[in-house]
Amino acid sequence: MHERITAVYADEEGNILDAPGMQGMGRTGRENILLKPEDLIPLPESADLMLLPDRLAVGCTADGEVMPISGLAVAAILPAGYTRLYMPAYERAEEAERLPLYGYTAVVVYKDELYCAAVYTDENDKWDPVHYNTKELKNLVKRTKKDLPGNRIVEQVGGCSLNWHCCTAQNLFYRRWECGIPTSPVCNANCFGCISLQPAECCPSPQERIKFRPTPEEIAEVGIYHLSVAPDGIISFGQGCEGEPSLAADNIAAGIKLIRAKTSKGQINMNSNVGWTEGVKKIVDAGLDSLRVSIISAREEGYDAYYRASYHLENVKDSIRYALEKGVYVSLNLLYFPGFNDREEELAAWQEFFRELPVQMIQVRNLNIDPDAFLDIMPEPQGKAVGTRRFIETLHAEFPQLVIGSFSHYVED
């Protein structure tokens, strides 16, 4: 059995091959580095492999020379629950087009098997792909459409389930766990990596945004239907197929009140950028149980560069502060990019953030983005990148109550 970490590449036919004599490398920020055994885990069964067009794989010779390999770079696309430590090392051609919105992870050969540069950050069988896209899904969608005829939310998430394979949408039809209720066709941010709306010249979006505004009655009908029967039932506003839910605050707040007039079961959650504090307050006051805040940086410069929003980080903090004061369980959906979030200045800002706002959880999410395009718009580094492991360990050490994982957890009373 070979213990050497060997670079991989793809040939013209798309076959994935190892490159004997070339040591495997990963990328953090713009820097390519040698991978160590402690950086690697066996490639998860449910991971996908993707070729990176117009990008040559890069390895390191026995003499320590870093050089391209005559084949395309290969990336692992990890299932939820895994946090990448390094991106693939590659040399990009000048004419290369922007990559689609995926979380590209370094992959190598180690011990004669494919390994990737990642850590397992959260165990949650509910999001295992084996539970989704089953043969009976089509009939289950038909059943729910028959139970809730004419409800536009059901029509929307039915399409998301069958066309886009969205797991949160599918849970409505499986009658279990967390299901999404999209509500807002508009947004107050213009995220560089938005998954539901992209300018025509950019990368294609992996989901299609809703084009209507559900009524409180439509919201309540779906919410009551799901929470009344689903084990560990959660309904979530703020899905991949919509804009910012707090902009639909009046309808969501009215919908929550209608739901709670009928059932006290389950959990009502919102995924939000929380930039519009007045809207967030209305939804919190109506009976929100948990709030997951999308965020990428605890520094104004980094936050503004990515979200390009009509609000600022101070507005986000005001909303989080209000939710915490009202007893809402708050988690951060931290969009994670190796070599950015773990910069020294970013880590220091996060430590200050959590001292001020003691949220309960961080959900670390691999940022789906073209690495070069992302770094082109973000502030230049002021300090070194400390590494993903040290980033997580430092936060754990100072804030032991802070849960660091990957999924929304069902919050018991």
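Being a predicted model, the structure only gives us computed values, none of them experimental. (Residues numbered from 1 in each chain as written. Predicted model: local features only at pLDDT ≥ 70, side-chain atom pairs only at ≥ 80, totals over all residues. Heavy atoms only, no water.)

**Q** I would appreciate a short explanation of the pattern of salt bridges in the present structure.
**A** Between side chains of opposite charge, a pair can form as their charged atoms come close. Enumeration over the complete set of coordinates arrives at 19 salt bridges. A salt bridge links Lys-126 to Asp-232; its shortest N-O distance comes to 2.8 Å. Placement of Lys-126 in the loop between β11 (113–120) and α1 (137–147) and of Asp-232 in the loop between α4 (216–229) and β13 (234–237) is noted, with a sequence separation of 106 residues between them. The partner of Asp-147 in a salt bridge is Arg-175, and the shortest N-O contact between them spans 3.0 Å. Here Asp-147 is found in helix α1, whereas its partner Arg-175 is found in the loop between α3 (167–174) and β12 (178–180), with 28 residues between them in sequence. Since its relative accessible area comes to 28%, Arg-175 is described here as partly exposed. Via salt bridges that share partners, Glu-314, Lys-317, Asp-318, Arg-321 and Glu-356 belong to a single interconnected network. (Salt bridge = Lys/Arg side-chain N within 4 Å of Asp/Glu carboxyl O. Helix = DSSP H or I, 4+ residues; strand = E, 2+ residues; numbered from the N terminus. Buried < 20%, exposed > 50% of the residue type's maximum accessible area, 1.4 Å probe, protein only.)

**Q** Is there a simple way to explain a nonpolar patch on the surface in this structure?
**A** On the surface, Ile-16, Leu-49 and Leu-51 cluster together into a nonpolar patch covering about 190 Å² of accessible area. Note that Leu-49 resides in strand β5 (residues 48–60). Classification of Leu-49 by relative accessible area gives partly exposed; the value is 34%. (Patch = residues over 30% accessible without salt bridge, like charges linked within 9 Å, V, L, I, M, F, W, Y side chains within 5 Å. Areas by Shrake-Rupley, 256 points an atom, 1.4 Å probe, with all protein chains shown as cover.)

**Q** So what exactly am I meant to see when it comes to the sheet that holds strand β16 (residues 329–336) here?
**A** Note on sheets: strands pair through backbone hydrogen bonds, and any given pair is parallel or antiparallel. Spatial strand order, β12-β13-β14-β15-β16-β17-β18: seven strands in an open sheet with parallel pairing. Each end of this open sheet is capped by a strand with a single partner; those strands are β12 and β18 (403–405). Here the average twist between neighbouring strands, direction ignored, is 25 degrees. In this sheet, strand β17 (residues 361–366) lies alongside β16 in parallel orientation, the contact comprising six bridges. Directly across from Tyr-336, in β17, lies its bridge partner Asn-366. (Pairing = 2+ DSSP bridges. Axes fitted to C-alpha atoms, helices over the stretch in contact; angles between N-to-C directions.)

**Q** What should I look at first to understand the nonpolar core in this one?
**A** Generally speaking, a soluble globular protein has its nonpolar side chains buried in company with each other. Within the largest apolar cluster, 93 residues are counted, with the highest numbers of intra-cluster contacts made by Tyr-306, Ile-320, Trp-350, Phe-354 and Phe-374. Once you skip the residues sitting within four places of it in the chain, Tyr-306 turns out to touch Asn-190, Cys-191, Phe-192, Gly-193, Ile-296, Leu-335, Leu-367, Phe-374, Ile-377 and Met-378. Counting 13 residues, the second-largest nonpolar core is a separate cluster that includes Ala-57, Ala-75, Tyr-90 and Leu-99. (Core = buried A, V, L, I, M, F, W, Y, C linked by side-chain atoms within 4.5 Å. Contact = heavy atoms within 4.5 Å.)

**Q** Explain the pairing of strand β6 (residues 66–77) to me, please; I cannot follow it from the model alone.
**A** In the case of a regular strand, side chains alternate between the two sheet surfaces. Inspection of the sheet shows β5 paired to β6 by nine bridges, in the antiparallel sense. Directly across from Gly-59, in β6, lies its bridge partner Met-67. The turn joining β5 and β6, which pair antiparallel and follow one another in sequence, is formed by five residues; a positive phi near 85 degrees is taken by Gly-64. In terms of strand pairing, β6 meets strand β10 (residues 104–110) through three bridges, oriented antiparallel. Residue pairing for β10: Ile-77 is matched across the bridge by Tyr-104.

**Q** I would appreciate a short explanation of the packing of aromatic side chains in the present structure.
**A** Each pair of aromatic rings is reported with the distance of its centres and the angle of its planes. According to the stated counting rule, one finds 15 aromatic pairs in the structure shown. Between Tyr-306 and Tyr-307, the ring centres sit 5.1 Å apart and the planes meet at 85 degrees, which makes this aromatic pair edge-to-face. The residues Tyr-306 and Tyr-307 share a single accessibility class, namely buried. On the numbers, 4.5 Å between centres and 40 degrees between planes, the contact of Phe-337 with Phe-374 is tilted. Taken together, the positions of Phe-337 in the loop between β16 and α9 (344–356) and Phe-374 in helix α10 (residues 371–377) put the pair 37 residues apart, joining distant regions of the chain. Of the two residues examined, Phe-337 and Phe-374, each falls in the buried class. Site record: aromatic cluster; members linked through ring pairs are Tyr-303, Tyr-306, Tyr-307, Tyr-311, Phe-337, Phe-340 and Phe-374. Above the plane of the ring of Tyr-174 lies Arg-176, whose end atom (NZ or CZ) is 4.1 Å from the centre. (Phe/Tyr/Trp six-rings, centres within 6.5 Å; stacked < 30°, edge-to-face > 60°. Lys NZ or Arg CZ within 6 Å of the ring centre and 35° of its normal.)

**Q** Would you explain the packing of helix α6 (residues 277–287) against helix α8 (residues 313–325) in this entry?
**A** The description of two packed helices rests on the angle between their axes and on the distance between the axes. Contact geometry for α6 and α8: axes closest at 9 Å, N-to-C directions at 15 degrees. Classed by the angle they form, the pair α6 and α8 counts as roughly parallel. Considering how the two elements wind past one another, α6 and α8 form a crossing that is right-handed. Residues Thr-277, Val-280, Lys-281, Val-284 and Asp-285 of α6 lie in contact with α8, whose contacting residues are Asn-315, Asp-318, Ser-319, Tyr-322 and Ala-323. For the contact of α6 with α8, the per-class residue count stands at four nonpolar, three polar and three charged. (Parallel < 35°, antiparallel > 145°, perpendicular 65-115°, else oblique. Left-handed = near helix turned anticlockwise from the far one by under 90°. Nonpolar A, V, L, I, M, F, W, Y, C, P; charged D, E, K, R; others polar.)

**Q** Is there a simple way to explain the state of the cysteines in this structure?
**A** By definition, a disulfide links the sulfur atoms of two cysteine residues through a covalent bond. Summed over the entire model, instances satisfying the criterion amount to zero disulfides. Cysteine Cys-167 shares no disulfide, and the gap to the nearest cysteine sulfur, in Cys-166, comes to 6.6 Å. A relative accessible area of 24% means that Cys-167 is categorised as partly exposed. With no disulfide partner, Cys-187 has as its closest neighbouring cysteine sulfur the one in Cys-191, 5.9 Å distant. (Disulfide = S-S within 2.5 Å.)

**Q** What should I look at first to understand the domain arrangement of the protein in this one?
**A** Accessible area lost on assembly of the parts is the figure often given for the size of an interface. Per the domain assignment, the segments making up the protein are domain 1 (3–118) and domain 2 (123–403). If you average the C-alpha positions of domain 1 and of domain 2, the two centres end up 30 Å apart. If you look at the interface, domain 1 gives 25 residues, while domain 2 gives 29 residues. At the boundary of domain 1 with domain 2, total buried surface from both sides reaches about 2,200 Å², with 56% on carbon and sulfur atoms. Applying the counting rule to domain 1 against domain 2 returns four salt bridges. Of the charged contacts, one joins Arg-30 and Asp-372 as a salt bridge, the two residues approaching to 3.8 Å between their closest N and O atoms. Where domain 1 packs against domain 2, one counts 13 residue pairs in polar contact (both at pLDDT 80 or more). Among the elements of the structure, β2 (16–28), β7 (82–84) and β9 (90–92) are those that each provide at least two residues to the side of domain 1 that touches domain 2. Classifying every residue of the side of domain 1 that touches domain 2 gives eleven nonpolar, five polar and nine charged. (Domains from an automatic or database assignment. Buried area = accessible area lost by both parts, 1.4 Å probe. Polar contact = N/O pair within 3.5 Å; in protein donor to acceptor, adjacent residues only side chain to side chain.)

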